[in-house]
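Notes for the structure review
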Amino acid sequence: MPLPLRKRTVHFYAIRLRAYTARADINSPSCAPLPDLLHCFAKMAVGSKLPLSVRRAPRLHTVLADWRHDATANCYELLMSKANAAVSDVALRELDTARLRKAGKTKDEGIEMSSHLLLRPNADGKSAALLLTLGAAVSARDVAILLKRLSRDAAKNPRNRALFHFDDPSGAKDANGKPMQYRVNYAFHAEAHLGQTLAAALQSGEFDGMELIAHEQSAFDTGGNLQVTERSLGVQAKLPKAVTGASILNAVRAFKQRPDGAGYDRLRIHYKTVAGQRASATLAINDLDASFTRKEHIEFDSDVEAQQDSLSPIILAGMKPLLKLVPT
């Protein structure tokens, strides 16, 4: 599905850093600050020949196409693109005859779309806020894979030794009187549900209704060809502004205790953002508050193509104000 040329949906994630070592006697290995690692990775990315392959599969290829640092906003700007051979070829219409033809994509080619990302280190030194435009099939997991690859490459360069080698906690020294050291490696984990809680969404916005959804398997017609797969229960509020995250949680928990409420396992909630825009999210009832991922919509004054070779100032200008919504 092509991206809307004047709109993007921005999803909020978190990237977390973890150090590990082959030394079995070290339970809590030292860890370089994430800002230092990202600074190192940025220099490598800028100095390498882009695009850099991130993930390659028979019908998919994800690449890092651009990487810059914005010192003013204290964030890194990334452009990642994914070519998908399974995406349908575009059709062209001959204007005089109205005849359609395929544009000519071969089986070895894939339609490419791009995702813009902002990566801002947090004050704890071990996590970063990640904002990415959705729609290009680039995921937060792709970012974690990219950082892992850059980490492996950085560890091979002796100039980066201080980021990967730390003094032995025993205080042991070598024959020259220098502290013995051990090496660490780094893992990067993308968390998809660290953005906005249900309570925060309704505190800044306004409840607009919800449906409780239950799985069901039953016949819909006499022949059995049509099957019911789910049923829903719609809920509205007499005073929408009075609805809070806590009141929804309490009401849903109480409803689940009733015999007629036990089968419902999902909640589709609709609300208006502080800007008056309508938004919705489908949540797991057993983990309502934690499963609410923040997303915002941005719109531009001019078209921005779905595929980019370099970072788009128009998209970045729409994304950067959203960084203020995420605490450091």
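So, on to helix H1 (residues 34–47). In a regular helix each residue adds 1.5 Å, so 14 residues correspond to 20 Å; H1 covers 20 Å between its end C-alpha atoms and thus fits that length. Buried within H1 we find Leu-34, Leu-37, Leu-38, Cys-40, Phe-41, Ala-42 and Ala-45.

Let us now look at the packing of aromatic side chains. Enumeration according to the criterion identifies 4 aromatic pairs in this entry. Ring geometry for Phe-41 against Phe-188: centres 6.1 Å apart, planes inclined by 70°, an arrangement best described as edge-to-face. Of the two residues, Phe-41 is situated in helix H1 and Phe-188 in strand E11 (residues 185–191); the sequence distance between them amounts to 147 residues. A residue is classified by how much of its surface remains accessible, and Phe-41, at 0% relative accessible area, is buried. Accessibility expressed as a relative area gives 10% for Phe-188, which makes it buried. Directly above the ring of Tyr-264 sits Arg-231, whose terminal nitrogen or CZ lies 5.2 Å from the centroid.

Below, the discussion takes up the sheet that holds strand E13 (residues 227–235). One open sheet holds the 4 strands; their spatial order is E13-E12-E14-E15, and the pairing between them is antiparallel. Each end of this open sheet is capped by a strand with a single partner; those strands are E13 and strand E15 (278–284). With direction set aside, neighbouring strand axes in the sheet form an average angle of 25°.

Here is what the cut-offs are and how they apply
- Residues numbered from 1 in each chain as written.
- Predicted model: local features only at pLDDT ≥ 70, side-chain atom pairs only at ≥ 80, totals over all residues.
- Heavy atoms only, no water.
- Helix = DSSP H or I, 4+ residues; strand = E, 2+ residues; numbered from the N terminus.
- Expected span 1.5 Å × (residues − 1).
- Buried < 20%, exposed > 50% of the residue type's maximum accessible area, 1.4 Å probe, protein only.
- Phe/Tyr/Trp six-rings, centres within 6.5 Å; stacked < 30°, edge-to-face > 60°.
- Lys NZ or Arg CZ within 6 Å of the ring centre and 35° of its normal.
- Pairing = 2+ DSSP bridges.
- Axes fitted to C-alpha atoms, helices over the stretch in contact; angles between N-to-C directions.

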